[in-house]
Amino acid sequence: MFQDFIDIFMCPNTKEKLSLISRNELLEASKDIGVKLPEGDQFLINESKSFLYQIAPFGFPILLPEEGIPLKIDPKAISSASSSSQKISFATLKKHKDNLETVYRKDDYVNKPTGRKPWRAAYESSEVHTPAAENLIPGSVLDAGCGIGFFRRFTRGRFHLMLDLSQYNLSYNFAPNKVIGRTECIPIQDGSFENVVSLRSLQHCQDPKTSISELARCVKPGGRFLVAVWREDWPSCLKGSPWAFTNFTYFIKKAFLLAKNNPSLFVDRALFKLKLKKTKKLEVAVFWDKDTQKVWDRRFNRDAFQKMLEDVGLKILKRGYCGIETPGSKVPKFLLKRFFDAEKYGLYCYFVCDKPL
Ligand SMILES: C[S@@+](CC[C@H](N)C(=O)[O-])C[C@H]1O[C@@H](n2cnc3c(N)ncnc32)[C@H](O)[C@@H]1O
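Residues numbered from 1 in each chain as written. Predicted model: local features only at pLDDT ≥ 70, side-chain atom pairs only at ≥ 80, totals over all residues.

## A few points about helix α3 (residues 90–107)
- Taking 1.5 Å of rise per residue, 18 residues should cover 26 Å, and α3 covers 26 Å from first to last C-alpha, within 8% of that figure.
- For α3, the set of buried residues is Leu93, His96 and Leu100. The buried side chains of α3 occupy one side of the element, clustering within an arc of 60 degrees when seen end-on. When the buried face of α3 is taken as reference, the exposed residues oriented beyond 90 degrees from it are Ala91 and Asp98. (Helix = DSSP H or I, 4+ residues; strand = E, 2+ residues; numbered from the N terminus. Expected span 1.5 Å × (residues − 1). Buried ≥ 20, exposed ≤ 12 C-beta atoms within 10 Å, placed from the backbone. Arc of directions from axis to C-beta.)

See the structure below:
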């Protein structure tokens, strides 16, 4: 349980240490704390007693900056907290989280991750996770943007902390070590982990640059950072390969199912994709804010992404492509091996990086 490693957490707003406080203690400390306490017997509070955080019903802390409850105990601390918080407003962050949760729920993500049956999703994720798993160094693992936690099967026997923005995804499995947090503002002390992995997640965040520097901050000097993100030139890289056809049939099938099961989401996505095509943006609309029309999904140019990693002082040890999108028709395994070359057709680009001592 998180109480055992509470020392590695920090307040996402003020970057101070957090400690547990009971409802009664809190009420005793100040009769008029100026806020209506939400449900729960225990909370996390920062050192200057300016922010309070809830613990989710499943027993993991909710350490999102926008979910911090400002207390009136120390007004000075509150003003410094808001001045040190992010450039993105809390309202926008809240909206992003709500949109993302809505899409996951509508898509029934925990039962059909990435739109596939669980066994297919597990197979596909292993295609992305294996290059990362092979490059882990001994020690703890922070899995940022862990989703429903497929990577956990590669980290048996290690301290593995799962961090995700989505409470819905995080609630899916019974892993003991979880925290709700966002990669732009990671509620973890500097250099707490030997390995930090972020697989198939950074394309969905609001601010990849900040997220990368936050993730790098959590790696111990001499530790490892492993990341996989959508590549910019997919699916155009499939041209001339057997995968172009199988993927095409797969996407038609998927679109048909979406139109049948969720017509309004289908129309929204179709309209948005058309709009993007017109503006020639290299972005894929999966999660977006309907009001501001802001897209949260993006594909990365591999060199530009590498530069972002190097800019925060990471040393690139290896890079490559990985991850097959499962073909629409069932293709025998030996054919998969024969015709599939992850380096050519993989949907993700991955990087293995070291944080110098
Ligand atoms: C496609 S899933 C990938 C999950 C897992 N890493 C895997 O490879 O199976 C992307 C996950 O990133 C999470 N995510 C998106 N933006 C995030 C952010 N800013 N901070 C933390 N998690 C985020 C989503 O909630 C989602 O669970």
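## A look at the sheet that holds strand β1 (residues 18–22)
- If you trace the four strands from one edge of the open sheet to the other, you get β1-β2-β3-β4, paired in antiparallel fashion. The open sheet has two edge strands, β1 and β4 (69–70), and neither has a second partner.
- The pairing of β1 with strand β2 (residues 42–46) spans five bridges and is classified as antiparallel. Paired with Ser19 across the bridge in β2 is Ile45. (Pairing = 2+ DSSP bridges.)

## Considerations on the nonpolar core
- Core analysis: the largest hydrophobic core is formed by 66 residues, its most contacted members being Leu142, Val196, Phe225, Ala228, Val229 and Tyr348.
- A total of seven residues in this core trace back to one element, the largest contributor, which is strand β9 (residues 219–230).
- Taken domain by domain, this core gets at least three of its residues from each of domain 1 (2–81) and domain 2 (118–233 + 297–354).
- Each residue touching Val196, except ones within four places of it in the same chain, is listed here: Leu142, Ala144, Leu215, Cys218, Val219 and Phe225. (Core = buried A, V, L, I, M, F, W, Y, C linked by C-beta atoms within 7 Å. Domains from an automatic or database assignment. Contact = placed C-beta atoms within 7 Å.)

## Describing the sheet that holds strand β7 (residues 178–180)
- Pairing is mixed in the open sheet, where seven strands are placed in the order β7-β6-β5-β8-β9-β13-β12. With one partner strand each, in any of the chains shown, β7 and β12 (315–322) form the two edges of the open sheet. Taken over all neighbouring pairs, the strand axes of this sheet differ in orientation by 15 degrees on average, direction set aside.
- Of the pairings in the sheet, the one linking strand β8 (residues 193–199) to β9 comprises six bridges and is parallel in character. Residue Ser198 lies in a different strand from β9, and its bridge partner there is Val227.
- Sitting on the sheet, helix α9 (residues 302–311) is in contact with β9, β12 and β13 (348–354), with an inclination near 25 degrees to β13. (Axes fitted to C-alpha atoms, helices over the stretch in contact; angles between N-to-C directions.)

## Some points on unusual backbone geometry
- At Lys15, a residue that is not glycine, the phi angle is positive and equals roughly 65 degrees.
- By the secondary structure assignment, Lys15 is in the segment before β1.

## Topic: helix α6 (residues 208–218)
- Buried residues of α6: Ser211, Ile212, Glu214, Leu215, Ala216 and Cys218, and no others.
- Buried residues along α6 sit against β5 (141–144), β8, β9 and α9.

## Observations regarding the pairing of β13
- The element β13 is extensively covered by neighbouring structure, given that six of its seven residues are classed as buried.
- For β9 and β13, the ladder comprises seven bridges, and the chain directions are antiparallel. Residue pairing for β13: Leu226 is matched across the bridge by Val352.
- Here β12 runs beside β13; their pairing, made up of seven bridges, is antiparallel. Bridge pairing links Lys318 to Val352 in β13.

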